[in-house]
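The primary structure of each chain is shown beneath.
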Amino acid sequence: MVGRPEMVGRPEMVGRPEMVCHPEMVGHPEMACRPEMACRPEMVGRPEMAGRPEMAGRPEMAGRPEMACHPEMACHPCRPEMVCRPEMVCRPEMVGRPEMVGRPEMLRANALIKRGSMYMQQQQPMMSTQDFNMAAEIDTRNADVYHHRGQLKILLDQVEEAVGDFDECILLRPDSALAQAQKCFALYRQAYTGNSQSQVQTAMDGFEDVIRRFPKCAEGYALYAQALTDQQQFSKADQMYNKCIDLEPDNATTYVHKGLLQLQWKQDLDLGLDLISKAIEIDNKCDFAYETMGTIEVQRGNLDKAIDMFNKAINLAKSEMEMAHLYSLCDAAYAQTEVARKYGLKPPTL
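Fair warning: this is a prediction, and the values are worked out from it, not measured in the lab.

Colleague: Describe the UniProt feature "repeat: TPR" (unreviewed entry) in the protein chain, naming the residues involved and giving the relevant values.
Modeller: As recorded in UniProt, the sites labelled "repeat: TPR" (unreviewed entry) are residues 143-176, 218-251 and 287-320. For the annotated span residues 287-320, helix accounts for 82% and strand for 0% of the residues, and the straight-line distance between the end C-alpha atoms is 14 Å.

What follows is the structure, encoded as structure tokens:
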């Protein structure tokens with residue numbers, strides 16, 4: 001230690017010339033023979049990190065020696081399931097889904113599902129069907145494929161095929177409340193169209209089972225309410241809509257359906273309009289609410305207000321077909337207005 005005055009009074013450093021010039025390491029004998037740790041005081045007390053210089057400056061990795069040799073994971077301290085899976089780094093959508101590892105085909109299938117859903121919203125069923133079919137071929141065990149394709153087939157009135165897709169989805173994911181509820185609705189549509197009262201009752205019993213097993217699934221209550229309305233069980237349908245609103249108070253569509261129920265059930269125009277107005281207050285981009293409000297105002301003889309509602313719905317239309325439908329409603333209201341003005345007539349009212 002001669003010639004090294006800074007080491008005077010530190011007998012524990014004798015025989016450790018490599019520690020000279022590193023007085024901060026004094027008192028830490030576990031660091032002996034680890035010269036690579038010099039100048040890294042943050043590593044003191046962490047002997048498991050010895051021999052891993054690439055981990056220096058990453059305190060979040062302490063206690064996780066399995067992460068050595070994976071420095072790219074240093075920014076992801078809460079993703080232990082991703083160890084030894086560097087190909088998954090920078091894919092946050094994969095967090096918590098270890099089943100996706102080593103299955104790059106699932107990424108492509110998921111992309112096709114998303115695009116197919118977009119086409120479905122734009123009312124392009126052929127493009128949507130093509131994407132869903134491709135996704136099913138790529139990844140036959142992806143429950144989402146069958147769920148979305150089943151929804152599309154209901155819209156296309158291919159009810160029997162929709163039931164088959166929902167069955168496949170439920171087989172792969174038995175805890176899917178949405179698939180269970182939508183299967184019941186598909187079965188109900190099939191029975192109602194076929195005028196089979198026994199099958200209708202079976203579907204209604206299925207709804208009861210779904211809401212019992214999945215009491216937090218708002219969609220289950222909403223679909224059941226639509227079926228109950230068809231069966232003119234208005235009071236129970238109203239209860240189902242109330243449960244749906246309790247679970248999803250910001251779902252504007254539910255308020256519109258509940259408003260229409262009041263018109264059909266009690267002929268309560270004021271309450272129905274209040275509920276539809278509430279839907280617009282919740283979501284001022286709910287085209288369904290504007291269209292419904294416009295239709296009611298036509299029946300009330302408030303043609304100017306109806307035209308205003310239809311124009312707002314047109315501005316929110318998601319497809320050319322939907323826009324054409326809304327334009328036809330708006331033009332019809334406008335034509336009635338012109339006729340009434342020209343001949344001094346008063347539009348008919350409810």
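Colleague: Could you give me a rundown of the layout of surface pockets, with the residues and numbers involved?
Modeller: Looking at the largest pocket, its volume works out to about 1,400 Å³. As for the largest pocket, its lining consists of 31 residues, and the residues nearest its centre are Gln151, Leu155, Glu219, Thr253 and His257. Of all the elements in the fold, those that place two or more residues in the lining of the largest pocket are helix 1 (104-121), helix 3 (143-155), helix 5 (177-193), helix 7 (218-230), helix 9 (252-266), helix 11 (287-300) and helix 13 (320-343). For the lining of the largest pocket, the class distribution of residues is 13 nonpolar, eleven polar and seven charged.

Colleague: Give me the lowdown on the packing of helix 4 (residues 159-172) against helix 5, citing residues and values where you can.
Modeller: Two measures define how a pair of helices packs: the angle their axes make with one another and the distance between the axes. Remark: helix 4 packs on helix 5, axes separated minimally by 9 Å, with the N-to-C direction vectors making an angle of 160°. Comparing their axes, helix 5 and helix 4 come out roughly antiparallel. Relative to helix 5, helix 4 is oriented so that their crossing is left-handed. Across the interface between the two elements, Val159, Glu160, Val163, Phe166, Asp167, Cys169 and Ile170 from helix 4 touch Ala179, Gln180, Gln182, Lys183, Ala186, Leu187, Arg189 and Gln190 from helix 5. For the contact of helix 4 with helix 5, the class distribution of residues is eight nonpolar, three polar and four charged.

Colleague: So what's going on with the pattern of salt bridges? Which residues, and what values?
Modeller: The tally for this structure, following the rule as stated, stands at 17 salt bridges. The salt bridge partner of arginine 341 is aspartate 304, with a shortest N-O separation of 3.3 Å. With a gap of 37 residues between them, arginine 341 in helix 13 and aspartate 304 in helix 12 (residues 303-315) connect regions that are remote in the sequence. On the basis of relative accessibility, which here comes to 55%, the residue arginine 341 falls in the exposed class. Close ionic contact of arginine 341 with glutamate 338 constitutes a salt bridge, the shortest N to O distance being 3.7 Å. Of this pair, arginine 341 and glutamate 338 both sit in helix 13, three residues apart, which is roughly one turn of the helix. By relative accessible area, glutamate 338 is classed as partly exposed at 33%.

What counts and what doesn't
Residues numbered from 1 in each chain as written. Predicted model: local features only at pLDDT ≥ 70, side-chain atom pairs only at ≥ 80, totals over all residues. Heavy atoms only, no water. UniProt positions renumbered as here; feature names shortened; annotations may be inferred. Helix = DSSP H or I, 4+ residues; strand = E, 2+ residues; numbered from the N terminus. 1 Å grid on protein atoms, 1.4 Å probe; cavity = no way out; pocket = protein on both sides within 12 Å on 5 of 7 lines; lining within 4 Å. Points joined across faces, edges and corners; volume = space filled by probe spheres on them. Nonpolar A, V, L, I, M, F, W, Y, C, P; charged D, E, K, R; others polar. Axes fitted to C-alpha atoms, helices over the stretch in contact; angles between N-to-C directions. Parallel < 35°, antiparallel > 145°, perpendicular 65-115°, else oblique. Left-handed = near helix turned anticlockwise from the far one by under 90°. Contact = heavy atoms within 4.5 Å. Salt bridge = Lys/Arg side-chain N within 4 Å of Asp/Glu carboxyl O. Buried < 20%, exposed > 50% of the residue type's maximum accessible area, 1.4 Å probe, protein only.

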